[in-house]
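# A closer look at the structure
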Amino acid sequence: MSLYVYALVAKGPSEELGTGMSGEALRVVASGRLLAVVGDMYAPPPVTPTALYEHDRTIRRMTAITDAVLPLRFGSIVDGELDLARRLEPAEATLEAALTRVAGREQMTVRLYERQPRVEEDTRMSAPPAVAADLGPGARYLLERRRTLEHDPHRAALDAVLAAPAAFIRAQRVESHGSRPLIASVHHLIERGQGAAYAAAVHAGTANLIDAAVTVSGPWPPYAFASGELT
Amino acid sequence: MSQKKTGSLGAREVDALRQELEHRVGELAPARWNADPEDVQRSVAKLVLTLMEFLRKLFEKQAIRRMEAGSLSPEETEALGLALMRLEETITSLAAQFELSPDDLNLDLGPLGRLQ
Amino acid sequence: MTTPSRTEAARLLDEADASLLDLVDNVLTKGVVIDGEIILGLAGVDLVYLRLGAILCAADRIKAQR
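What you see is a predicted model; the values in this text were computed from it and never measured. (Residues numbered from 1 in each chain as written. Chains lettered and ligands numbered in written order. Predicted model: local features only at pLDDT ≥ 70, side-chain atom pairs only at ≥ 80, totals over all residues. Heavy atoms only, no water.)

It is worth spelling out the interface of chain B and chain A at this point. Taken together, the contact pairs 39 residues of chain B with 43 residues of chain A. With both chains or domains summed, chain B and chain A bury close to 3,700 Å², and 56% of this area falls on carbon and sulfur atoms. Connecting chain B to chain A are two salt bridges. Two residues, R146 of chain A and E68 of chain B, come together in a salt bridge whose shortest N-O distance is 3.2 Å. Along the contact surface separating chain B from chain A lie eight residue pairs in polar contact (both at pLDDT 80 or more). Mapped by element, the contributors of at least two residues to the side of chain B that touches chain A are strand 1 (4-6), helix 1 (11-28), helix 2 (37-69) and helix 3 (74-97) of chain B. Take the side of chain B that touches chain A: its biggest share by element is eight residues, from helix 1 of chain B. (Contact = heavy atoms within 4.5 Å. Buried area = accessible area lost by both parts, 1.4 Å probe. Salt bridge = Lys/Arg side-chain N within 4 Å of Asp/Glu carboxyl O. Polar contact = N/O pair within 3.5 Å; in protein donor to acceptor, adjacent residues only side chain to side chain. Helix = DSSP H or I, 4+ residues; strand = E, 2+ residues; numbered from the N terminus.)

Dropping the structure here:
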C-alpha cells in the first residue's frame, strides 16, 4: 500500500481531515519531528486537471483547519511511513523552518507581462554615451553593459510590483521568464486574509506602467515557499 | 481560502505562460526515467553555468559601480571589462552547447529575488 | 513517486486555460519535493550554491546601503 503525501503540518488538526483526491480517508502520520497528511493510494494518480484540482482542494482544506501547511508537489507517493521518514529526515530542519515561515500565511502571485508598443525604448537606447574614442574594447564593453542595465525597461515594472505591496510582504520569491510577453512571476507570502488588500495595492502601484501589465492571483496555499533554501 | 484573479489576460499572455510551463514541467521528468547520461551531464552543466552566471553578474555590477565611482584606473577598467566580456562569451557558448537558454541560468534567490 | 511524464504534462498544458496554468505552476513545479535520487543528489550542490548566492547578495546589498 502506497501513501500519497499531501502536505506537512505543524500541528495535528483537531477537526475532521476529510477525504483526499481518490475519496480516501486522510490521516496524519508522524515522521521524525514532522507531521504529514497522507492518504492510502493503490496507484499513482493520473495527471489530469481533476486530479490537480483535487490535490489543491485537499491542501486548501488543510489550511482551513490548521495554521501551518507546507504543500508537497503533486504526485508525491511513498512506499509507507518508513519510506516517508527516510526521505524527509535529511531535510527535517529545513522543513521545520519552512513550516514556521508559512504559519498563518498564504501566497499571492503576480505575473508581469510586457505591453506593446515600446516605441520609447528605441529613443532611450539610441542616445549615444559620450565615449572617448581611445577607449579599449574592455572599457567600451563595461560602458555598454552599464547602459543596458540602466535602461532595462522591465526593471521599473518589477520594482513597482515589489514595492507596491511592501507592507504585506512576509517573504518573496521572484522568477524571471523568457517566454515573451511574460517577464516575471512574483510570489509573496502574506498574512492570511490580506489577499484583497494586497491585490488592490499591486494594481494601484502598477496602474501607471506604460510598458507592462500585471495579473494578480490568490490566495494560494504557500506552494512557492515550500522549497528549502529561502533565507 | 478561495482563489481569485484580477487583471485582464489576453491570448498572447496565456500562451506565454503555457510555453513557460511546458519548459519547466518538461525539465521535471528527471534523469532517472531516462538513463541517458546526456541528461545528467546537462543537469550538471546547468548547475555549474548558473553559478558562473551568478558570479558574472555580481562581478559586473561591482565593476560598473567602481568604474562610476572612479576607483578604477584605466588599465584596471580595460582588464576587468575584457575579462567580463570573455566570461560572458564563454558562458553563452557553453550554454548553447547544452541547449540551455539564458533564462535557464537565472538563479532564483528566493526572497532575495534575482540579481538583476 | 509519480513525476508526470513529458507527454502527460504536455497534453495537459496544451488544453489548459489560464487558471489551470496557474494551478499547474503551483502544484507541478512548486511544493516540497521528496523524490528523485538524481535530483536530490544534485540538489545537494544546488542548495550549497543557493546559500552562497544568498550570502553574496546580502553582502552586496549591505555595501550598497553604505
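Inspection of the entire model under this criterion finds 24 salt bridges over all chains. Across the salt bridge formed by E191 of chain A and R105 of chain A, the nearest N and O atoms sit 3.1 Å from each other. Of the two residues, E191 of chain A is situated in strand 8 (residues 182-191) and R105 of chain A in strand 6 (residues 105-114); the sequence distance between them amounts to 86 residues. Among the residues examined, E191 of chain A registers a relative accessible area of 26% and is labelled partly exposed. Several salt bridges converge on common partners, so that one network encompasses R111, R173 and E175 of chain A together with D22, D25 and K30 of chain C. (Buried < 20%, exposed > 50% of the residue type's maximum accessible area, 1.4 Å probe, protein only.)

It is worth spelling out the packing of aromatic side chains at this point. Residue and element names in this part refer to chain A. Scanning all chains against the criterion turns up three aromatic pairs over all chains. With a centroid separation of 4.6 Å and 50 degrees between ring planes, the pair formed by Y4 and Y6 is classed as tilted. Accessibility classification places Y4 together with Y6 in one group, the buried group. When the ring of Y4 is compared with that of F74, the centres are 6.4 Å apart and the planes differ by 70 degrees; the resulting orientation is edge-to-face. Taken together, the residues span a long stretch of sequence, with Y4 in strand 1 (residues 2-9) and F74 in the loop between strand 4 (69-71) and strand 5 (77-78) at a distance of 70 residues. There is no split in this pair, since Y4 and F74 are both buried. Chaining the aromatic ring pairs together yields one cluster made of Y4, Y6 and F74. (Phe/Tyr/Trp six-rings, centres within 6.5 Å; stacked < 30°, edge-to-face > 60°.)

What follows is about unusual backbone geometry. Following R180 of chain A, the chain continues to P181 of chain A via a peptide bond in cis, the omega torsion being 10 degrees. Assignment of secondary structure puts P181 of chain A in the loop between strand 7 (171-176) and strand 8. G218 of chain A connects to P219 of chain A through a cis peptide bond whose omega is 0 degrees. Within the element layout of this structure, P219 of chain A appears in strand 9 (residues 212-220). Positive phi is not limited to glycine here, since E99 of chain B has a value of about 55 degrees. Relative to the helices and strands, E99 of chain B is located in the segment after helix 3. By relative accessible area, E99 of chain B is classed as exposed at 66%.

Below, the discussion takes up the environment of G193 of chain A. If you trace the backbone, G193 of chain A turns up in the loop between strand 8 and helix 7 (195-206). As for G193 of chain A and L72 of chain A, which are separated by 121 residues in sequence, their C-alpha atoms are 22 Å apart.

So, about the environment of P181 of chain A. Given a relative accessible area of 1%, P181 of chain A falls into the buried group. With 66 residues separating them along the chain, P181 of chain A and R115 of chain A place their C-alpha atoms 7.3 Å apart.

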